[in-house]
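Okay, here's what each chain looks like letter by letter:
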Amino acid sequence: MSTLYSNMRPAIAASEAMTLPQRHYTDPDCFQREMEAIHFDMWLCAGRANQIPNPGDYFVRRVANASIIIVRDELRDIRAFHNVCRHRGTLLCNQDEGTLVGRIQCPYHAWTYKLDGALENAPHMNKVEGFREEDYPLNAVATNVWDGHIFINLSAHPVPFAEHLAGLDVKFRPWRMEELELVERRVYQLKANWKLIIQNYSECLHCPIAHPLLQKHSHYMSGDNEPPHATYLGGRMDLRDGVKSLTIDGTSLRSCLPGLNTADQRHVYYYCILPNFLLNLHPDYMLTFTLWTRAVDHTEILCEWHFHPDEISKPGFNAKDAVDFWELTNQQDWELSNRAQAGISSKGYRPGPYSNREELLLALDRFVLERVQGQRD
Ligand code: FES
Ligand SMILES: [Fe+2]
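The structure presented is a predicted model; accordingly, all values stated were derived computationally and were not measured. (Residues numbered from 1 in each chain as written. Chains lettered and ligands numbered in written order. Predicted model: local features only at pLDDT ≥ 70, side-chain atom pairs only at ≥ 80, totals over all residues.)

Some remarks on the pairing of strand β15 (residues 277-281)
Link 1 in the chain: Relative to β15, strand β14 (residues 267-273) runs antiparallel, the two sharing five bridges. In the strand pairing of β15, Y270 is matched with N280.
Link 2 in the chain: Turn length for the β14-β15 hairpin, with the two strands adjacent in sequence and antiparallel, is three residues.
Link 3 in the chain: In terms of strand pairing, β15 meets strand β16 (residues 286-295) through five bridges, oriented antiparallel. In the strand pairing of β16, L278 is matched with F289. (Pairing = 2+ DSSP bridges. Helix = DSSP H or I, 4+ residues; strand = E, 2+ residues; numbered from the N terminus.)

What follows is the structure, encoded as structure tokens:
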């Protein structure tokens, strides 16, 4: 092994770097506390602004027991609301995506809301003393957009979005993500706790065993992590000599993204923006994963491939090389994440020691414990 890829990270003490106890992966109460302290409190990546280009376009996202409508309103602003009628609580939209024709109408008793959430019409309420339509708008959810990525925040008092991004907007500006367009989406259902998916994402020690093709294109020890940050964990890896991108055969007919310098044309960046967004930036495309918690042992993953419109418009454009590469790699990762959940849920599980190259996993565990502890105090 070249010294370039030797283990230069500081040593750690096993006693201070152990995996979490079983309950953090199996106990519904732990899960609920994590939802309150983390997923219902932090900014979540919901999707892409160009998924809803026109007024009335919407999609729905679910976080544990919360259902949220993300919609473009008549003024073309992006808004988000709890997908719950203010009359008797019926779910308003039960399609994952679509277009609303100017209004959101409850299917039960036809209470009707404007796309900005205001209640416009509430039938049979004219003889209810003290009832005022303006008192019952849809419950709003905060939104923000970074470089084409829509974020939502379910907290009544969201931290400022810039604080959440903590400079990532500047760091990743050369990729010009806002310009990129969605070409392919895959949805996966994992029998795994959300933390296991981030933990699997945050180390490459499993790559030579689990991902022979990835290892062939990018050396598993080439990872160079940033020190863990309060809202993100990430690093980058090198492409091997002669490899253009992460595709099935390591080649790519696509040009590199237009803003990249020659050094970043040789790297793949892997950033987990806590708690639900995994961002892979390749020289010629972007891969995004959003994690949607369903239960302590169930997570839905939306995986999406985005390319530059100049490439998409070229005759013969084909994303299959990148889609197939990650479909293969994803299946390998999901299999391991499901097996990790199964083993950790088993009677014989005891916390085990992390490697010094699993420092981002330890950082995630500490982040979760601190958030949950802080919430209970
Ligand atoms: S529950 Fe929505 S209109 Fe009655
Ligand atoms: Fe992996």
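Concerning the sheet that holds β15
Link 1 in the chain: With respect to topology, seven strands assemble into an open sheet ordered β11-β17-β16-β15-β14-β13-β12, the strand pairing being antiparallel. The open sheet has two edge strands with one neighbour each: β11 (181-190) and β12 (224-225).

A word on the domain arrangement of the protein
Link 1 in the chain: In terms of domains, the protein is made up of domain 1 (14-40 + 172-377) and domain 2 (43-158).
Link 2 in the chain: The interface of domain 1 with domain 2 comprises 15 residues on the first partner and 15 residues on the second.
Link 3 in the chain: Secondary-structure elements contributing two or more residues to the side of domain 1 that touches domain 2 are α2 (28-39), β11 and β16.
Link 4 in the chain: Here the side of domain 1 that touches domain 2 takes three residues from β16, the largest share from any one element.
Link 5 in the chain: Residues belonging to the side of domain 1 that touches domain 2 are distributed by class as follows: nine nonpolar, four polar and two charged. (Domains from an automatic or database assignment. Contact = placed C-beta atoms within 7 Å. Nonpolar A, V, L, I, M, F, W, Y, C, P; charged D, E, K, R; others polar.)

Let's talk about helix α9 (residues 320-344)
Link 1 in the chain: In a regular helix each residue adds 1.5 Å, so 25 residues correspond to 36 Å; α9 covers 35 Å between its end C-alpha atoms and thus fits that length.
Link 2 in the chain: What α9 keeps buried is the set A322, V323, F325, W326, D333, S337, Q341 and I344. (Expected span 1.5 Å × (residues − 1). Buried ≥ 20, exposed ≤ 12 C-beta atoms within 10 Å, placed from the backbone.)

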